[in-house]
Amino acid sequence: MGSWVLSFISEWKDRFTPYKSWIGELKNPQVLKADAMAGLTVALILIPQSMAYAQLAGLPAYIGLYASFLPVMIAALFGSSRQLGTGPVAVVSLMSAAAMQPYAGLGVETIVAYSALLALMIGIFQLSLGLLKLGILVDFLSHPVVLGFTNAGALIIATSQVPKLFGLKIKADQYEHHYEFLIATVKALPDTSLITLVFGAFALSTLLILRKFAPRLPGVLITVVVTTVLSWVIDYKGLGGSIIGEIPKGLPSFTLPNVSLDFKTLSSLIMTAMVIGLIGFVEAISIAKAMASQTRQRLSANQELVGQGLANMTSGLFSGYAVSGSFSRSAVNFSSGAMTGFSSVVTGLLVALTLLFLTPLLYYLPQATLAAVIIMAVINLIKIAPIKHAWKVEPHDGVVAVVTFVATLVFAPHLDKGILLGVVLSLGLFVYRTMSPRFVEVAKHTDGSMRDAVTHKLQTSNTVAVYRFDGDLYFGNTGYLEGKILNAISQKPQLKVIVLDMEAINQVDSTGEEMLEKLSDRLKAAGIEFYLARTKLQVYEAFERSGLAKHIGEERFFRERKYALQYAKQQLGNAIDVEPLLNYMPA
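Residues numbered from 1 in each chain as written. Predicted model: local features only at pLDDT ≥ 70, side-chain atom pairs only at ≥ 80, totals over all residues. Heavy atoms only, no water.

(A) View of the overall build of the protein. When helices and strands are tallied, the protein shows 25 helices and 8 strands. Each of the three principal axes of the protein carries a C-alpha extent, and together these read 100 × 60 × 55 Å. Burial statistics for the protein: of 587 residues in total, 51% are counted as buried. Of the contacts formed within the protein by residues at least 6 apart in sequence, a portion of 81% connects residues at least 24 apart. Total accessible area computed for the protein in this model is approximately 27,300 Å², and 63% of it derives from carbon and sulfur atoms. (Helix = DSSP H or I, 4+ residues; strand = E, 2+ residues; numbered from the N terminus. Buried < 20%, exposed > 50% of the residue type's maximum accessible area, 1.4 Å probe, protein only. Contact = heavy atoms within 4.5 Å. Areas by Shrake-Rupley, 256 points an atom, 1.4 Å probe, with all protein chains shown as cover.)

(B) A look at the packing of helix H10 (residues 194-213) against helix H11 (residues 219-234). Their axes nearest at 9 Å, the elements H10 and H11 cross at an angle of 150°. The orientation of H10 with respect to H11, classified from their angle, is roughly antiparallel. For the pair H10 and H11, the crossing hand works out as right-handed. Contacts from Ile195, Phe199, Phe202, Ala203, Thr206, Leu207 and Leu210 in H10 reach Gly219, Val220, Ile222, Thr223, Val226, Thr227, Leu230, Ser231 and Ile234 in H11. Here the contact of H10 with H11 is built from residues that sort into 11 nonpolar, 5 polar and no charged. (Axes fitted to C-alpha atoms, helices over the stretch in contact; angles between N-to-C directions. Parallel < 35°, antiparallel > 145°, perpendicular 65-115°, else oblique. Left-handed = near helix turned anticlockwise from the far one by under 90°. Nonpolar A, V, L, I, M, F, W, Y, C, P; charged D, E, K, R; others polar.)

(C) Inspection of empty space enclosed by the protein at higher detail. Summed over the entire model, instances satisfying the criterion amount to 2 cavities of 30 Å³ or more. The space that makes up the largest cavity amounts to roughly 50 Å³. Lining the largest cavity are Val42, Leu46, Val72, Gly85, Thr86, Arg329, Asn333, Ser344 and Thr347. Of all the elements in the fold, those that place two or more residues in the lining of the largest cavity are helix H2 (29-56), strand S1 (85-87), helix H14 (327-335) and helix H15 (342-358). Each pocket or cavity is described by its volume, and for the second largest cavity that value is around 40 Å³. Taken together, Ser80, Ser81, Arg82, Gln83, Ala288, Met291, Ala292, Thr295, Gln297, Arg298 and Leu299 make up the lining of the second largest cavity. Across the lining of the second largest cavity, the residue classes tally to 4 nonpolar, 5 polar and 2 charged. (1 Å grid on protein atoms, 1.4 Å probe; cavity = no way out; pocket = protein on both sides within 12 Å on 5 of 7 lines; lining within 4 Å. Points joined across faces, edges and corners; volume = space filled by probe spheres on them.)

(D) Just the environment of Ser546, in detail. Structurally, the position occupied by Ser546 is in helix H22 (residues 537-546). On the basis of relative accessible area, Ser546 is assigned to the partly exposed category, the value being 41%. Considering only alpha carbons, one finds Ser546 and Ser330, 216 residues apart in sequence, at a separation of 53 Å.

(E) Molecular detail of the packing of aromatic side chains. On inspection of all chains with the given rule, the structure shows 14 aromatic pairs. Ring centres of Tyr175 and Phe181 lie 6.4 Å apart, and the angle between their planes is 55°; this geometry places the pair in the tilted category. Given the relative accessible area of 23%, Tyr175 is considered partly exposed. Under the relative-accessibility criterion, Phe181 is labelled buried at 1%. Geometrically, the ring pair formed by Phe558 and Tyr567 is tilted, given 5.3 Å between the ring centres and 50° between the ring planes. The class for Tyr567 is partly exposed, based on a relative accessible area of 22%. Each member of the aromatic cluster is reached from another via a ring pair, and the members are Tyr531, Phe558 and Tyr567. Sitting over the ring of Phe327, Lys383 keeps its end group 5.9 Å from the ring centre. (Phe/Tyr/Trp six-rings, centres within 6.5 Å; stacked < 30°, edge-to-face > 60°. Lys NZ or Arg CZ within 6 Å of the ring centre and 35° of its normal.)

(F) Seen up close, the pattern of salt bridges. Taken as a whole and assessed by the stated rule, the structure comprises 13 salt bridges. With a shortest N-O distance of 3.1 Å, Asp501 and Arg561 are connected by a salt bridge. One end of the pair, Asp501, is in strand S6 (residues 497-501); the other, Arg561, is in helix H24 (residues 561-572), and 60 residues separate them in sequence. Exposure remark for Asp501: the relative accessible area of 0% places this residue in the buried category. Residue Arg534 is joined to Glu503 by a salt bridge in which the shortest nitrogen-to-oxygen separation is 3.0 Å. Here Glu503 lies in the loop between S6 and helix H21 (510-525) and Arg534 lies in the loop between strand S7 (529-533) and H22, a separation of 31 residues in the sequence. Given the relative accessible area of 38%, Glu503 is considered partly exposed. One salt-bridge network, held together by shared partners, links Arg438, Asp452, Arg468 and Asp470. (Salt bridge = Lys/Arg side-chain N within 4 Å of Asp/Glu carboxyl O.)

(G) Focus on the sheet that holds S6. Across the sheet, which stays open at both edges, the 6 strands sit in the order S4-S3-S5-S6-S7-S8 with mixed pairing between neighbours. Either end of the sheet is taken by a strand with one partner, and the two such strands are strand S4 (450-452) and strand S8 (557-558). Relative to the sheet, helix H20 (residues 478-491) contacts strand S3 (438-444), strand S5 (464-470) and S6, its axis offset from that of S3 by approximately 45°. The strands touched by H21 are S6 and S7; relative to S7, the strand with the most contacts, the crossing angle is about 140°. (Pairing = 2+ DSSP bridges.)

(H) Inspection of the UniProt feature "domain: STAS" (unreviewed entry) in the protein at higher detail. According to UniProt, the "domain: STAS" (unreviewed entry) feature falls on residues 454-568. The straight-line gap between the two end C-alpha atoms of residues 454-568 is 23 Å; of that span, 46% is helix and 17% is strand. (UniProt positions renumbered as here; feature names shortened; annotations may be inferred.)

(I) Spotlight on the layout of surface pockets. Of the volumes computed, that of the second largest pocket is approximately 1,100 Å³. Only H2, helix H3 (61-66), helix H5 (90-100), helix H6 (108-131), helix H7 (143-160), helix H8 (162-166), helix H9 (178-188) and helix H16 (367-379) provide two or more residues apiece to the lining of the second largest pocket. With 4 residues, H5 is the largest single contributor of residues to the lining of the second largest pocket. Split into classes, the residues belonging to the lining of the second largest pocket amount to 28 nonpolar, 15 polar and 5 charged.

(J) Representation of the packing of H7 against helix H18 (residues 395-411) in the model. Running from amino to carboxyl end, H7 crosses H18 at an angle of 30°, the nearest separation of the two axes being 7 Å. With respect to H18, the element H7 is oriented roughly parallel. Seen along the crossing, H7 lies across H18 with a hand that is right-handed. Only Asp397, Val400, Ala401, Thr404, Phe405, Thr408 and Leu409 of H18 make contact with H7, whose side of the interface consists of Pro144, Val145, Gly148, Phe149, Asn151, Ala152, Leu155 and Ile156. Split into classes, the residues belonging to the contact of H7 with H18 amount to 10 nonpolar, 4 polar and 1 charged.

(K) Looking closely at helix H12 (residues 263-295). For H12, which comprises 33 residues, the first-to-last C-alpha distance of 47 Å matches the rise-based estimate of 48 Å (1.5 Å per residue) to within 8%. Two residues or fewer past H12, Arg296 is found with a positive phi of approximately 60°. (Expected span 1.5 Å × (residues − 1).)

(L) Summary view of unusual backbone geometry. Of the consecutive residues Ala412 and Pro413, the connecting peptide bond is found in the cis state with omega at 10°. Structurally, Pro413 is set in the loop between H18 and helix H19 (415-434). Positive phi, normally seen in glycine, also occurs at Ser319, with a value near 65°. By secondary structure assignment, the location of Ser319 is in the loop between helix H13 (301-317) and strand S2 (324-326). Its identity is not glycine, yet Arg534 carries a phi of approximately 55°, on the positive side.

Quick look at the structure:
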């Protein structure tokens, strides 16, 4: 017991020192230079993006900068991926905004405090999963669920920015449902501010042109600088345009979120924190895996949970909001030559310099520009092809993706309902599929293997049958298997031997074990021999513990199907015909 505790404590200690695997590489000037350049490149994108995403979350722009300072560095130091760029991202910002809707009427300061608390709760949840090695829980968010949610989220995000592009005095948090907000937006279009629309269109056009013709240039930064200068020159604010305004100078200080909590509010935030924590981590780990496959660096999902958890906790304690891994910034970090997590440390330090000295330069930044930045960022999230692909692979997955997509749109801004519905549906359809696995009679094929007799038109025997069951045997499908075997017996009145191929069965629960025991008794009473072939070791050991192996007869378990057939021939002689099962015979 003592050695186990010491091992557990030692492992936890290692969870908080992953940076030791790369920090020594910084002694190499080339690595240091590569990381510094990559960190600078990412910072040029992160600074304007973070302000845009903060506004998407219903927060002042400078909160995005706070969330891009310490959390970015903490995630790099304590995470597993060397190139993952953490910080504010679109989907998590949208979910954070949705969680804050009940507090919309309490003022900006209250929303800032609750957003920080939510980030802290997300961090505690992610850190707990990582330390307890429960990263496997994210697998319950299947790929089709994430696909459907991400596509719907991208549409919700893009449409939520339309009022800022047109200069309309409408906010999404004023409405119970997103479709009500869209209707109100359309009705308000006659009140469009021409100067705002011109600036918004110019910003969008600039971003599109730079992305197409100069993708290596920092398009977001260039657009922000140009529109900010234009805003100052023509007095955009005086003409009726909306600008960022004054940003507090200085670094965020350590602050515990000062909010009043009752049980209802706390339970609601806990559920939201769990959903955002899982969604954010799925996004982060999928990006990290894509990069690790190219760098061949070791990646640990549990360690990444620790890094993301500590980053969110730090964000919550330093007046930020929820963060996650960013696909676009991670891709830039990777393509810019980042070799260690130090590149993200450089990025965080540059954000700190911005907060200390450069915030006055952002005063005239138009809100329409930030809306354009958000719209351009989420366009890449809308992907229909993967949903079509999922449908081709497994129609059920296509259904899950489409249902999650529609549900997320319908329930918006209550995004967690769309996700939960998708998760429940995907698990339900999975269980449904496992309730009726493939059950086929096999016979000898021309290539020497045993294959599905019906599909390949192979002759079978009337006295001996070999059946293959392609799935685990548990309470949900034991009745199905029993019914299939009994129906097969009724179709072969001369049947004397049944061989059940167990190779695809990795586990059998107590219900399945009891069914096999009763089935063997029924077959014995009917004068039919019951053999089991290719049983996995762990399954056979379970049968030994339960006494089923002894009940059926240990001599009736065989390593190969051919041994079962040879044994049957020795026991029953000419009473059975095993030729179609030992040699190829067309039907």
